Amino acid sequence: MGRQKKNPVYCLLKKSGHLNQIPEMGKETFYSNKGHKLDANFARCAYEAGEEIIRYRGSNTGRISKIKWDGSFSVAPPHNEPLPTHTESASQEKARQYPVCVICENGEEILADHVIVIDKLCFGNIAKIFLEYEEAFWENDVGSISLIYEDDTPASVSTNKMQWLKYVQSFSVPRPKERLMFGHILIGWCPADIADLVETMTDGELSTAITDHLKMFFGRSNIPQPKSILCTKWRSNKFIKGSYAFLPVGVDGQVMDTLAQPLVGSRHPDQILFAGEATMKTLYGTVQGALLSGHREADRLAAHYKKTVAPTSTTSLDKQV
Ligand SMILES: Cc1cc2nc3c(=O)[nH]c(=O)nc-3n(C[C@H](O)[C@H](O)[C@H](O)COP(=O)(O)OP(=O)(O)OC[C@H]3O[C@@H](n4cnc5c(N)ncnc54)[C@H](O)[C@@H]3O)c2cc1C
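Being a predicted model, the structure only gives us computed values, none of them experimental.

Asks: Help me understand the pattern of salt bridges, please; the structure alone is not making it clear to me.
Replies: Applying the stated criterion across every chain, the model contains seven salt bridges. One salt bridge connects E134 with K227, and the closest N-O pair in it is separated by 3.9 Å. Pair noted here: E134 is in the loop between strand 6 (126-133) and strand 7 (144-146) and K227 is in the loop between helix 7 (203-218) and strand 10 (228-231), with a separation of 93 residues, a long-range link. What makes E134 exposed here is its relative accessible area of 55%. Ionic pairing is found between R235 and D196, a salt bridge with its closest N-O pair at 3.0 Å.

Asks: How should I be thinking about the nonpolar core in this particular structure?
Replies: For soluble globular proteins, the rule of thumb is that nonpolar side chains tend to be buried together. Counting residues in each nonpolar core, the largest one holds 27 residues, and the members touching the most others are I129, W164, F171, L186 and V198. Among the elements of the structure, strand 6, strand 9 (184-191), helix 6 (192-198), helix 7 and strand 10 are those that each provide at least two residues to this core. The contact partners of L186, leaving out residues within four places of it in the chain, are I129, F130, L131, Y133, F137, W138, I145, F171, S172, V173 and L214. Grouped together as the second largest cluster of nonpolar side chains are eight residues, C104, I110, V115 and F274 included.

Asks: Honestly, the packing of aromatic side chains in this entry has me stumped. Any pointers?
Replies: Note on aromatic pairs: each is described by the distance of the centres and the angle between the planes. In total, this model carries four aromatic pairs according to the counting rule given. Look at Y133 and F137: their rings are 4.9 Å apart centre to centre, the planes differ by 85°, and that puts the pair in the edge-to-face class. Relative accessible area serves as the criterion here: at 2%, Y133 is assigned to the buried category. With a relative accessible area of 10%, F137 lands in the buried category.

Asks: Please clarify how the environment of K227 should be interpreted in this entry.
Replies: Residue K227 is classed as partly exposed on the basis of its relative accessible area, which comes to 47%. Distance from K227 to L131, taken between C-alpha atoms, is 7.6 Å for residues 96 residues apart in sequence. Ignoring anything within four residues of it in the chain, the contact list for K227 reads E132, Y133 and E134.

Asks: Would you mind showing me how to read a nonpolar patch on the surface here?
Replies: A surface patch of nonpolar side chains, about 310 Å² in accessible area, is lined by W234, F239 and I240. Along the chain, W234 falls in the loop between strand 10 and strand 11 (245-246). The exposure class assigned to W234 is partly exposed, which follows from its relative accessible area of 39%.

Asks: I would appreciate a short explanation of helix 9 (residues 287-308) in the present structure.
Replies: Structural remark: α-helix, 3.6 residues per turn; residues separated by three or four positions point the same way. Taking 1.5 Å per residue, 22 residues should reach 32 Å; helix 9 reaches 32 Å between its end C-alpha atoms and fits that length. Sitting at the amino-terminal end of helix 9 is T286, which places a side-chain oxygen 2.9 Å from the backbone nitrogen of G289.

Asks: In this structure, what is going on with unusual backbone geometry? I would like to understand it.
Replies: When glycine is set aside, most residues are seen to have a negative phi, and most peptide bonds are trans. Even without glycine at this site, A192 takes up a positive phi of about 35°. Mapped onto the elements, A192 comes out in helix 6. Look at A192 and you get partly exposed, because its relative accessible area is 40%.

Asks: So what exactly am I meant to see when it comes to the sheet that holds strand 2 (residues 100-104) here?
Replies: Backbone-to-backbone hydrogen bonds pair the strands of a sheet. The strands run either parallel or antiparallel. Taking strand neighbours across the sheet as the criterion, the three strands line up as 1-2-3 in an open arrangement whose pairing is antiparallel. Of all the strands in the sheet, the pair left with one neighbour each is strand 1 (64-68) and strand 3 (109-112). When the angles between neighbouring strand axes are averaged without regard to direction, this sheet yields 20°. Judged from the four bridges that link them, strand 1 and strand 2 form a sheet pairing that is antiparallel. From the neighbouring strand, I67 faces strand 2, where its bridge partner is V102.

Asks: How do you make sense of the environment of Y167 when you look at a structure like this?
Replies: Within the secondary structure, Y167 sits in the loop between strand 7 and strand 8 (170-172). Y167 sits in the partly exposed class, given a relative accessible area of 26%. Spatially, the C-alpha atom of Y167 lies 6.9 Å from that of C190, the residues being 23 residues apart in sequence.

Asks: What is the right way to read helix 7 from this model?
Replies: Helix length check: helix 7, at 16 residues, gives a terminal C-alpha distance of 22 Å against a target of 22 Å (1.5 Å per residue), a fit within 8%. Along helix 7, the residues classified as buried are L206, S207, A209, I210, T211, H213 and L214. Those residues of helix 7 that are buried are in contact with strand 6, strand 8, strand 9, helix 6 and strand 10. Just downstream of helix 7, G219 is the residue with a positive phi angle, here 65°.

Asks: When you look at the confidence of the model for the chain in this model, what are you seeing that I'm missing?
Replies: If pLDDT is low for a region, its predicted coordinates should not be looked at in detail. Mean pLDDT over the chain stands at 77; residues scoring 70 or higher make up 71%. Low pLDDT, under 50, characterises residues 83-87; the stretch is placed with six contacts to residues that sit more than four places away or in other chains. Low pLDDT (under 50) marks residues 311-321, which in the prediction has 14 contacts with non-local residues, meaning those over four places away or in another chain.

Asks: Sorry, what's going on with the sheet that holds strand 9 here?
Replies: Reading across from one edge, 7-8-9-6-10 is the order of the five strands in this open sheet, with antiparallel pairing throughout. Looking along the sheet, the strands with just one partner apiece sit at the ends: strand 7 and strand 10. Neighbour to neighbour, the strand axes of the sheet diverge by 20° on average, direction disregarded. Where strand 6 lies against strand 10, four bridges are found, and the strand directions are antiparallel. Note on strand 10: the bridge partner recorded for F130 is L230.

Rules used throughout
Residues numbered from 1 in each chain as written. Predicted model: local features only at pLDDT ≥ 70, side-chain atom pairs only at ≥ 80, totals over all residues. Heavy atoms only, no water. Salt bridge = Lys/Arg side-chain N within 4 Å of Asp/Glu carboxyl O. Helix = DSSP H or I, 4+ residues; strand = E, 2+ residues; numbered from the N terminus. Buried < 20%, exposed > 50% of the residue type's maximum accessible area, 1.4 Å probe, protein only. Core = buried A, V, L, I, M, F, W, Y, C linked by side-chain atoms within 4.5 Å. Contact = heavy atoms within 4.5 Å. Phe/Tyr/Trp six-rings, centres within 6.5 Å; stacked < 30°, edge-to-face > 60°. Patch = residues over 30% accessible without salt bridge, like charges linked within 9 Å, V, L, I, M, F, W, Y side chains within 5 Å. Areas by Shrake-Rupley, 256 points an atom, 1.4 Å probe, with all protein chains shown as cover. Expected span 1.5 Å × (residues − 1). Polar contact = N/O pair within 3.5 Å; in protein donor to acceptor, adjacent residues only side chain to side chain. Pairing = 2+ DSSP bridges. Axes fitted to C-alpha atoms, helices over the stretch in contact; angles between N-to-C directions. pLDDT = per-residue confidence, 0-100.

Structure follows, in structure tokens:
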């Protein structure tokens, strides 16, 4: 909002009342397979739940290098700040035996009764190249620009790397209100192995190649170079390593069910649990799938404790998970 207020065009439009005439994108709605509409705040709730976890664990937890399980570990895990419902005292915690020990690259050890692991199946990639221009050279009312080859079929980049540009065929144009905030931006979409390739290229290489490409398609030699460029790097990010899971041809979705099965120890069941979009065969590749897989594993633990904790026990469920 701060940036909007500083934008003179935005202020003028707002004052004149024209801002209300700018079309908005339709809102998103979510429907459950249980036959009802989900709360419109679904996405915000997921975001807030994530924030809560980061606040609890700290955002700088190290990269996990190893998970030991089916053991007996007893050093208290370092908590930045206890969650309100987890009220074990420090001495109680030290005495506790944990079957799982998560070891981070920075040497930190996190002890747990259960670990929900995010794992992957076949992992794709998709890249977005953000190109910022001084002025728009495209028509004002377009939402996307597609580049159509009428007489050419690009060869695979696995045999000819130079063909990559031919696969950058679609550019999104931000909506009018977004333009007021962010300026004149085109977003180029790069699929699969093209995404892997563009991640390795410099901004200069991308800028020159895409500008020449656009000149050819627009039939104009005066298309400018972008004033800035930003390319996503999902594959090379060591914590992400790609975009989302996919099932290769001939692979049954049941492998995702298998992936979702917990590791069962000799003394403690369900020590390592698997969540993440790749464990949801009906919703893989989506945030909804990732969120619901977390719910599924939480339900699994809740069911486990319902079975094993005697109703008369004074120990609450909260204290054990
Ligand atoms: C460009 C793009 C567009 C997308 N668009 C949509 C969309 O429109 N709608 C939609 O529903 N979905 C979309 N998705 C997919 C969606 O973002 C993912 O499906 C979802 O985020 C997966 O969640 P996850 O919890 O399974 O995995 P992630 O969100 O990847 O979470 C895994 C976490 O584990 C951490 N981690 C990994 N390795 C280690 C390690 N060794 N040690 C410690 N931590 C580690 C990572 O840092 C990360 O925080 C898009 C994805 C991309 C890339």
